[in-house]
Amino acid sequence: MNNSEQIIDDKKYNKLIVVLSVVIPVVVAVLFGVKIDATLPVFLPPIYATINAITALVLVLAFIAVQNGKIKLHEQLMKFAIILSLLFLVMYVAYHMTSDSTKFGGEGVLKYMYYFVLITHILMSIIVIPFVLITYVRGITNNIEKHKKIAKITFPLWLYVAITGVVVYIMISPYYA
């Protein structure tokens with residue numbers, strides 16, 4: 001693939017990246033307002049918190065793989081991390097469409113810590129979407145130098161989202177009904 005083909009590929013994907021980066025958070029926000037009178041067969045928060053933990057582990061393993069020149073393993077792990085994130089998102093939305101939000105019951109400094117982690121987790125989970133998509137596209141189009149450059153930003157953002165997802169669950173878990 002020559003440089004002009006790569007630029008065309010980037011432009012083609014860029015439109016999709018912009019659309020997905022806007023549509024995903026908007027759809028999640030809209031679905032948050034939809035309540036379905038149904039009881040899920042399982043309690044999802046510990047499951048999707050575990051998925052967040054596994055995502056964090058997979059991201060670290062993918063980082064180690066690429067540092068050791070194991071490019072194919074890195075690629076497979078990154079695809080798995082994307083699948084895990086999508087699975088998390090589906091379960092998260094399903095839970096909030098079928099269950100009332102749980103109120104955090106902590107007080108004092110703990111309450112401020114919880115809300116700081118929660119708010120930064122939510123904001124970063126929205127911000128990271130285009131970064132993940134751009135990084136992925138640059139990888140699959142073999143635009144390695146640009147891939148490496150943005151991956152240096154994407155990796156810590158995505159890892160933060162995955163880890164803080166677990167922290168939020170641990171902090172609020174005593175207050176589930």
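Report follows, based on the coordinates. Remember, predicted model here, so these are calculated numbers, not experimental data.

Right, let's talk about the packing of aromatic side chains for a bit. Counted under the stated rule, the structure contains 13 aromatic pairs. Ring centres of Phe43 and Tyr95 lie 5.9 Å apart, and the angle between their planes is 85°; this geometry places the pair in the edge-to-face category. One end of the pair, Phe43, is in the loop between helix 1 (3-32) and helix 2 (44-67); the other, Tyr95, is in helix 3 (residues 71-98), and 52 residues separate them in sequence. By relative accessible area, which is 41% here, Phe43 ends up partly exposed. Both rings, one in Phe88 and one in Tyr92, keep their centres 5.4 Å apart while their planes meet at 25°; by these two values the pair is stacked. Here Phe88 pairs with Tyr92, and both are found in helix 3, just four residues apart, close to one helical turn.

Note that Val27 resides in helix 1. We classify Val27 as partly exposed; its relative accessible area is 39%. Once the C-alpha coordinates of Val27 and Leu123 are considered, the two residues, 96 residues apart in sequence, prove to be 15 Å apart.

Now for the environment of Asn14. In this fold, Asn14 is placed in helix 1. In this structure Asn14 comes out as partly exposed when scored by relative accessible area, which is 36%. Separated by 36 residues in sequence, Asn14 and Thr50 have C-alpha atoms that sit 31 Å apart.

With 30 residues, the main nonpolar core has Tyr48, Leu59, Tyr114, Val128 and Trp158 as its most contacted residues. Counting residues per element, the ones that place at least two in this core are helix 2, helix 3, helix 4 (108-140) and helix 5 (144-172). Leaving out residues up to four positions away in the same chain, Trp158 has contacts with Thr55, Leu59, Met78, Ala81, Ile82, Ser85, Val128 and Val132.

Here the focus is unusual backbone geometry. Although it is not a glycine, Asn142 adopts a positive phi angle of roughly 65°. Summarising the element assignment, Asn142 is placed in the loop between helix 4 and helix 5.

A few words now on helix 4. Taking 1.5 Å per residue, 33 residues should reach 48 Å; helix 4 reaches 47 Å between its end C-alpha atoms and fits that length. Within the sequence span of helix 4, burial applies to Tyr114, Val117, Leu118, Thr120, His121, Val128, Ile129, Val132, Thr135 and Val137. Of the residues flanking the end of helix 4, it is Asn142, one or two places downstream, whose phi is positive at about 65°.

Another point: the packing of helix 2 against helix 5. Running from N to C, helix 2 and helix 5 cross one another at 150°; their axes reach a closest spacing of 8 Å. Judged by the inter-axis angle, helix 2 sits roughly antiparallel to helix 5. Relative to helix 5, helix 2 is oriented so that their crossing is left-handed. Only Phe155, Trp158, Leu159, Ala162, Ile163, Gly165, Val166 and Tyr169 of helix 5 make contact with helix 2, whose side of the interface consists of Pro45, Pro46, Ala49, Asn52, Ala53, Thr55, Ala56, Leu59, Val60 and Phe63. Its residues assigned to classes, the contact of helix 2 with helix 5 shows 15 nonpolar, three polar and no charged.

Looking at where Thr164 falls in the secondary structure, it is placed in helix 5. Residues in contact with Thr164, not counting those within four places in the same chain, are Val117 and His121.

Take the pattern of salt bridges next. Under the definition given, this model contains three salt bridges. Between Lys79 and Glu75 there is a salt bridge, with the nearest N and O atoms lying 3.1 Å from each other. With Lys79 and Glu75 both in helix 3 and four residues apart, this pair spans about one turn of that helix. Overall, Glu75 belongs to the partly exposed group, its relative accessible area being 31%. Each of Lys72, Glu75 and Lys79 takes part in salt bridges that share partners, so that together they form one network.

So, how was this worked out
- Residues numbered from 1 in each chain as written.
- Predicted model: local features only at pLDDT ≥ 70, side-chain atom pairs only at ≥ 80, totals over all residues.
- Heavy atoms only, no water.
- Phe/Tyr/Trp six-rings, centres within 6.5 Å; stacked < 30°, edge-to-face > 60°.
- Helix = DSSP H or I, 4+ residues; strand = E, 2+ residues; numbered from the N terminus.
- Buried < 20%, exposed > 50% of the residue type's maximum accessible area, 1.4 Å probe, protein only.
- Core = buried A, V, L, I, M, F, W, Y, C linked by side-chain atoms within 4.5 Å.
- Contact = heavy atoms within 4.5 Å.
- Expected span 1.5 Å × (residues − 1).
- Axes fitted to C-alpha atoms, helices over the stretch in contact; angles between N-to-C directions.
- Parallel < 35°, antiparallel > 145°, perpendicular 65-115°, else oblique.
- Left-handed = near helix turned anticlockwise from the far one by under 90°.
- Nonpolar A, V, L, I, M, F, W, Y, C, P; charged D, E, K, R; others polar.
- Salt bridge = Lys/Arg side-chain N within 4 Å of Asp/Glu carboxyl O.

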